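Given next are the chains, with one letter for each unit.
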Amino acid sequence: MIRAIDFFCGGGGMTNGLRQAGINVIAGVDFDKEAQETYEHNNPGSVFINTDIRRLRSDYFERKFNVQRNDDSLILVGCSPCQFYSIINTDKEKSARSKDLLKNFARFIDYYRPGFVLVENVPGILTNKNSILPYFLKRLEDLGYNNIVKEVVDLSYYGVPQTRRRFSLIATRIDNIELSLPEKDNCQALLRDYIGENNGFPKITAGHKDLSDFNHSTAGFSEISLRRIAKTRHNGGSRLDWAYDPELQLRCFVGKDDSFKDTFGRMWWEKPAPTITTKFFSISNGRFGHPDEDRAISIREGATLQTFPKTYVFKTKSISSTAKLIGNAVPCEYARRLGNLIISKIMKVNE
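First, a word on what this report is: a plain description of the structure on this page. (Residues numbered from 1 in each chain as written. Predicted model: local features only at pLDDT ≥ 70, side-chain atom pairs only at ≥ 80, totals over all residues. Heavy atoms only, no water.)

1. Quick notes on the packing of helix H1 (residues 13–21) against helix H11 (residues 332–349)
No. 1: Contact geometry of H1 with H11 gives a least axis separation of 7 Å together with a crossing angle of 45°. For the element pair H1 / H11, the angle class is oblique. Every pair of crossing elements has a handedness; the one defined by H1 and H11 is right-handed. Residues Gly13, Met14, Asn16, Gly17, Leu18, Gln20 and Ala21 of H1 form the contact with H11, whose own contacting residues are Cys332, Ala335, Arg336, Leu338, Gly339, Asn340 and Ile343.
No. 2: Residues belonging to the contact of H1 with H11 are distributed by class as follows: seven nonpolar, six polar and one charged. (Axes fitted to C-alpha atoms, helices over the stretch in contact; angles between N-to-C directions. Helix = DSSP H or I, 4+ residues; strand = E, 2+ residues; numbered from the N terminus. Parallel < 35°, antiparallel > 145°, perpendicular 65-115°, else oblique. Left-handed = near helix turned anticlockwise from the far one by under 90°. Contact = heavy atoms within 4.5 Å. Nonpolar A, V, L, I, M, F, W, Y, C, P; charged D, E, K, R; others polar.)

The structure is reproduced here in structure tokens:
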């Protein structure tokens, strides 16, 4: 049985995808207590460990779960928070505290020496001059992980209907493995194939509250925002559609038609969605408007674009807290493909 430990697991996107592939994810580690109920409800048998990795003893999994060292069938996953390397404006002082988490993750690789290591992060981890990545790669090589593949991939070519560019890394210390990333699809995944009435999403209005587990809820709009979205062309319209309406135009955008053009925009049916962030429920934070309906996309639509199963239940208390779990997740479908790839490599070695 191939087993995995998912560090920085959040609400369980990576865990769920690996489980879909048939991997036994024995535990997920995250300091966000609010993620625990969602993680464990949807991934029964995978234990949520609510702690800061910096305070977790290296031998914890050996003592608690009888995890063996030097196990070729063990995967350690480290998709650490990526705000420090993100191009999106964030609190850099706050995010800087998370930039060295890969160094702490490397401590567990050193102790357990698993067969495989998985890392997923934003592309900025490659280009930021203060990136921890060179240290991490050197650490892997020193530990015998000389077989490493890494690449920035567009997940719209891996069954995820959004233009989500991510740094993806797989490393192994096992000899005779021709390591690779999952095979790329010939075509992008498109919005039209995932949301809309034909895909099980009934029409709703801004501010709709769905109290069922499906959670097809959407944020409310002010009266003027409703007028703005109503005047935004369907299927790809933008704030430029009302840029010269003095009642609707925002002062911050006057004379700045070429800046922040996606803000208040609608998605296109025939394209992938934009990157689903933690603020996807707000049209003022990006092109998160529904292609036709006068609203932002719903919580369930955002989760579907992150390829969470429609049966995935988010045990949270607000739209914003749910969106945080969804936007920060590794898309389940890409995780499933990573899991399938590793399974195939292990099976080939054992033939």
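So, next bit.
2. Section: the environment of Ala273
No. 1: Residue placement: Ala273 occurs in the loop between helix H8 (223–230) and helix H9 (299–305).
No. 2: On the basis of relative accessibility, which here comes to 0%, the residue Ala273 falls in the buried class.
No. 3: For the pair Ala273 and Thr163, spaced 110 residues apart in sequence, the C-alpha separation works out to 6.3 Å.
No. 4: Excluding residues that lie within four positions of it along the chain, Ala273 makes contacts with Pro161, Gln162, Thr163, Leu191, Met267 and Leu305. (Buried < 20%, exposed > 50% of the residue type's maximum accessible area, 1.4 Å probe, protein only.)

3. A word on the pairing of strand E4 (residues 74–78)
No. 1: For E4, the tally of buried residues reaches five of five residues, placing the bulk of the element in the interior.
No. 2: A two-sided burial pattern is seen for E4, the buried positions comprising Leu74, Leu76 and Gly78 on one face and Ile75 and Val77 on the other.
No. 3: Alignment of E4 against strand E5 (residues 116–121), held across three bridges, turns out to be parallel. In the strand pairing of E5, Ile75 is matched with Phe116. (Pairing = 2+ DSSP bridges.)

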